[in-house]
Structure formats: structure tokens, C-alpha cells
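Results of the structural survey
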Amino acid sequence: QVHVVESGGGLVQAGGSLRLSCAASGRTFSINIMHWYRQAPGKQRELVAGIGSGGSTYYAESVKGRFTISRDNAKNTVYLQMNSLKPEDTAVYSCAAAVSWFQPDHWGQGTQVNVSS
């Protein structure tokens, strides 16, 4: 089994920054991709960013140029640096570990991000 734990959420004013962390443990040898998803109240969950074991990345159009995903393979940890935050970025952010792109297998519990205007 793979366990995924997020941290780093909170309340920030528009224009501010937050850094989310996602630590994976357990049988991580099977994991190639780490994704960040978010779900705002009343909206569908959406993929925000992803990173492969080789460093390839994916970003949703809505966050390109503002968010940066990175990983520390030695620590089995992925980071999501979020800059120039907007109120519409308010959501529960969840990390998902996967064998393949866009097919999450193991989810964390999520961390709340609130951006005030």
C-alpha cells in the first residue's frame, strides 16, 4: 500500500503564496507520477499539476505561470509552489500517486487552501 499525506494549506490574501507538500510512503517503488488535484465547493475535481519520475510536468491552463510542481525523489516528496494566488484558487487540494499519468491510484486526505480577496 502507498500512503499519501499533504500539508501546507491555509489562508492567504490574493496575490500571496503558499507551498503545499505531499509525502508518499509505503510501496512507493511502483509510483511514477504524482498529481495535485483540487476541488472547490460545488465544482468538479480538477487536475492542477503533475510530475513524472523523470521530471516531466503538466499544468492546467488556469495555473500556468503561477504554480510550480517539483519533487524530491530521495524524500518521496512533491511540492506545489503557488504564487499570485487568486480567490478562485480556493479549494481542497489533494495529492494523488499513480503508476500512469492521469490515473490516480492513491489519494491523500487533502488540505484546504483559502484565498481571500
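See the structure shown above.
Every value quoted in this text rests on a predicted model; they were computed, and no experiment measured them.

Criteria and cut-off values
- Residues numbered from 1 in each chain as written.
- Predicted model: local features only at pLDDT ≥ 70, side-chain atom pairs only at ≥ 80, totals over all residues.
- Heavy atoms only, no water.
- Helix = DSSP H or I, 4+ residues; strand = E, 2+ residues; numbered from the N terminus.
- Rg over C-alpha atoms; globule rule 2.2 N^0.38 Å.
- Buried < 20%, exposed > 50% of the residue type's maximum accessible area, 1.4 Å probe, protein only.
- Contact = heavy atoms within 4.5 Å.
- Areas by Shrake-Rupley, 256 points an atom, 1.4 Å probe, with all protein chains shown as cover.
- Lys, Arg positive; Asp, Glu negative; His and termini not counted.
- Charge placed at Lys NZ, Arg CZ, Asp CG, Glu CD.

Per the secondary structure count, the protein includes zero helices and eleven strands. Reading the protein from its N terminus to its C terminus gives the helix and strand order β-β-β-β-β-β-β-β-β-β-β. In summary, the protein has a C-alpha radius of gyration of 13 Å against a globular reference of 13 Å for 117 residues, a match within 12%. Judged by the C-alpha coordinates and their principal axes, the protein covers about 40 × 25 × 25 Å. In the protein, buried positions account for 44% of the 117 residues. Look at the contacts in the protein between residues 6 or more apart in sequence, and 55% of them connect residues 24 or more apart. When the accessible surface of the protein is summed, it comes to about 6,000 Å², and 47% of that surface belongs to carbon and sulfur atoms. Counting 10 positive and 7 negative side-chain charges, the protein places the averaged centre of each group 3 Å from the other.

Turning to the environment of Gly55, a few remarks are in order. Take Gly55: it is sitting in the loop between strand 5 (46-52) and strand 6 (57-59). Distance in space between the C-alpha atoms of Gly55 and Ile33 is 9.4 Å, their sequence separation being 22 residues.

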